[in-house]
Amino acid sequence: MDMINTAPFLLLKIDLLKKLTIKGGLRYENMTVNVGDFNTLSSVKSDGTFTQSIFVTGGDLKYNALVGNIGLRYNINNQINLFGSFSQSYSINEIGRILRTSTQSNLAQIEAKPIIVNNYELGATGQISNWLNYEVTSYVSTSKLGASLYKVQTERLLFKDLRKWCTELKVSYISHLQNGLISEGATAG
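Computed from a prediction, not measured in an experiment: that's the story for all the values here. For every chain, the first residue of its written sequence is number 1, and the numbers climb from 1 along that sequence. Only residues with pLDDT of at least 70 are given local features in this predicted model, and only at 80 or more are side-chain atom pairs given and counted; all residues enter the totals for whole chains, interfaces and linings. Only heavy atoms go into the side-chain values, all of them from the structure, while hydrogens and water stay out.

(A) Seen up close, the pairing of strand β7 (residues 80-91). For two strands to be treated as a pair, DSSP must find at least two bridges joining them. Secondary structure elements are taken from DSSP: a helix is a run of H or I of four residues or more, a strand is a run of E of two residues or more, and numbering for both begins at the N terminus. Relative to β7, strand β6 (residues 59-77) runs antiparallel, the two being bridged by 8 bridges. Within the sheet, the bridge partner assigned to R73 lies in β7 and is F83. Counted between consecutive antiparallel strands, the loop separating β6 from β7 contains 2 residues. Relative to strand β8 (residues 115-129), β7 is paired through 11 bridges, and the arrangement is antiparallel. Within β8, the residue paired with F86 across the bridge is Y120.

See below:
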């Protein structure tokens, strides 16, 4: 199996009124996976017997998508800076596993869809004092196809919808040394 991935992109950054920064971009994902002829792996069925290995005629799997991102940062003062962003990621997660467990005999019949994950982020950073900084961030990631496979009773592998979220608090302090500064910190999420 060989994969060729080209992804030209365009990025733009705009600084407005010295306090607002806008960043955005687009990326065109173009993937081709060349798969030779192969035999699937047999697996254990729910009744304890094994599935038959299937000969699969190879070929090319082609994927493409336009994904984007945008982010805003508003610097109110040293004590508080607000930010938010939206970004997308694109992948053909676990393609080998999908192919090895296929029940189809022709590559063109195998359902191997790409995954687009939408990521949202909101947060704030700032300086509490000359030696203490903070960052509070919340993330949410969603995808209709999910990012991992699970087995159902029909012996097929299916993607499960993805919805993950996280909130993170980071506090860092700056220790003064004779030859400069060193930053140390702690993170909780």
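Once the structure has been displayed, the description carries forward.
(B) How the structure looks around the environment of Q127. Looking at the secondary structure, you find Q127 in strand β8. Between the C-alpha atoms of Q127 and I80, which are 47 residues apart in sequence, the distance is 7.2 Å. Whether two residues are in contact is decided by their heavy atoms, any of which lying within 4.5 Å being enough. In contact with Q127, other than residues within four places in its own chain, are N78, Q79, L132, N133 and Y134.

(C) Region of interest: the side chain of T21. Along the chain, T21 turns up in strand β3 (residues 20-35). One polar contact links T21 to D15, side chain to side chain, over a distance of 2.9 Å. If we skip the residues at most four places from it in the chain, T21 touches K13, I14, D15, G71, L72 and R73. Pairs of N or O atoms are called polar contacts if they sit within 3.5 Å, as long as, within protein, a hydrogen donor faces a hydrogen acceptor (for residues adjacent in sequence, only side-chain-to-side-chain pairs).

(D) Spatial organisation of the nonpolar core. Ranked by size, the top nonpolar core spans 17 residues in total, and within it V35, L61, Y63 and L99 carry the most contacts. The set of elements that each furnish at least two residues to this core consists of β3, β6 and α1 (95-100). Sorting elements by how many residues they give to this core places β6 first, with 4 residues. Residues grouped as a nonpolar core are buried Ala, Val, Leu, Ile, Met, Phe, Trp, Tyr and Cys residues, joined through side-chain atoms within 4.5 Å. Exposure classes here rest on a 1.4 Å probe applied to the protein chains alone. A residue is buried below 20% of its type maximum, exposed above 50%, and partly exposed in between.

Geometric descriptors of this kind do not, in isolation, establish any biological role.
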